[in-house]
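# Structure assessment
Next come the chains, spelled out residue by residue.
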Amino acid sequence: MYSVESKGGAIVCMLVSLFFLGTWPALLTLLERRGRFPQHTYLDYTLTNLLAAVIIAFTFGEIGTSSTGKPNFLPQLSQDNWPSVLFAMAGGVVLSIGNLTTQYAWAFVGLSVTEVVSSSITVVIGTTLNYYLDDKINKAEILFPGVGCFLIAVCLGSAVHASNSADNKAKLDGYSNDSKDGIRTNNITNSKHAYTKRVGVNDEKGVASIEKAKFGTALFLIDLEKRRAIKIFGKSAVIGLALTFFAGVCFSLFSPAFNLATNDQWHTLKDGVPHLSVYTAFFYFSVSCFVVALILNLIFLYRPVLNAPKSSLKAYLNDWNGRGWALLAGLLCGFGNGLQFMGGQAAGYAAADAVQALPLVSTFWGIILFGEYRRSSRKTYTLLVGMLFMFVAAVGILMASSGHRK
């Protein structure tokens, strides 16, 4: 069994995990905005998320010779370690519910704000729990100022959303007034950084003319609402923020549960039974995550929530549009979680919560892929820069607090 031993190796695991965990939400958001049913996307995602755990278990978990004190993955499956297994599976349950909740929250409040608020709640609660579970191996004088940076980011993230929502309302109100007055807006352009919209047919040539709505304009917002799977116009932003806070609470519990599974701080295992390895715990963690996601999304196919479209198992099996992106998202999330746990086992799970600075990556993709915050007000940009600065500070501070597990 391969183990990360050095602080430097743990930090590398955290950085790669940060990129993976910040990228997969962008892929799922991309598919929702293209109109793919969220139930279809999440079912695909959860398959490869489990596959990643199996790959990690049969590679890193089987490297080297198994011993009594440090058994490899396969020998641990038959050992009497069910108390630890249940902790790992509980962590998978809350992560699965949290991930499913964020998929709907992204539609209401956007990718950036969802990731900022949920990740910050995760750090504030989860890092504190992990610090005490790990017997304070992380440097408190460094760790908790980093937690404070995340807490400030929660406030800034909420302010960014409120300001950006006001900007979008002003754009839509202005477009509505212009339309009533018969004024043609200047928001239509042939910019290459834009979404296309069919506006008419040339009867003589039989070809459709194409105009393009630039990112951040009222026409872009209207076109997006028409194409996306979850309709949000006329819905309160409070729904999105409530979903986001609920997801944050779920996320804050999965890492401490995994910590208990691998280190048995509550002494639930019988004498002589070795602790679960990261790879065995991650396997059980991912199995429970898969089962919960499978059950809930099969229910949501026929009884959708939050204005999602109704579907069926047959429709899901025949829907290949965007399936590759959903499968890739599952792999990225699975390997990202695995690397986070590998780094946490070596340097302390509280320090490993630095990967919750994933909004740094998600916000980048949100701006590049989805045009979030384009043509917003100066106030929104100022708040956004402040929010990102707090994340940069937080990730550096949390990684600097890394300890070494004996």
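Look up a bit, the structure's there.
Model, not experiment: these values are computed from the prediction.

## Digging into the nonpolar core
With 89 residues, the main nonpolar core has Met-14, Trp-24, Phe-258 and Phe-341 as its most contacted residues. When near neighbours in sequence (up to four residues on either side) are disregarded, Phe-258 contacts Val-278, Ala-281, Phe-282, Phe-285, Phe-341 and Tyr-349.

## Overview of the environment of Phe-245
Looking at where Phe-245 falls in the secondary structure, it is placed in helix 8 (residues 237-263). What makes Phe-245 partly exposed here is its relative accessible area of 36%. For the pair formed by Phe-245 and Ala-105, sequence separation is 140 residues and the distance between their alpha carbons is 9.6 Å. Excluding residues that lie within four positions of it along the chain, Phe-245 makes contacts with Val-117 and Ile-121.

## Observations concerning the environment of Leu-111
Here Leu-111 lies in helix 5 (residues 111-133). Taking the C-alpha atoms as reference points, Leu-111 and Leu-28, separated by 83 residues in sequence, lie 9.9 Å from one another. Filtering out sequence-adjacent residues up to four positions away, Leu-111 remains in contact with Pro-25, Ala-26, Thr-29, Trp-106, Ser-362, Gly-366, Phe-370 and Glu-372.

## Comments concerning the packing of helix 1 (residues 7-33) against helix 4 (residues 82-109)
Where helix 1 meets helix 4, the axes come as close as 10 Å, and the angle between the chain directions of the two elements is 55 degrees. As summarised for this structure, helix 1 and helix 4 are arranged oblique, according to the angle between their axes. Judged by the twist between their axes, the crossing of helix 1 over helix 4 is right-handed. In this structure, helix 1 uses Trp-24, Pro-25, Leu-28, Thr-29 and Glu-32 to contact helix 4, whose residues at the interface are Asn-99, Gln-103, Trp-106 and Ala-107. Residue composition of the contact of helix 1 with helix 4, by class: 5 nonpolar, 3 polar and 1 charged.

Here is what the cut-offs are and how they apply
- Residues numbered from 1 in each chain as written.
- Predicted model: local features only at pLDDT ≥ 70, side-chain atom pairs only at ≥ 80, totals over all residues.
- Heavy atoms only, no water.
- Core = buried A, V, L, I, M, F, W, Y, C linked by side-chain atoms within 4.5 Å.
- Buried < 20%, exposed > 50% of the residue type's maximum accessible area, 1.4 Å probe, protein only.
- Contact = heavy atoms within 4.5 Å.
- Helix = DSSP H or I, 4+ residues; strand = E, 2+ residues; numbered from the N terminus.
- Axes fitted to C-alpha atoms, helices over the stretch in contact; angles between N-to-C directions.
- Parallel < 35°, antiparallel > 145°, perpendicular 65-115°, else oblique.
- Left-handed = near helix turned anticlockwise from the far one by under 90°.
- Nonpolar A, V, L, I, M, F, W, Y, C, P; charged D, E, K, R; others polar.

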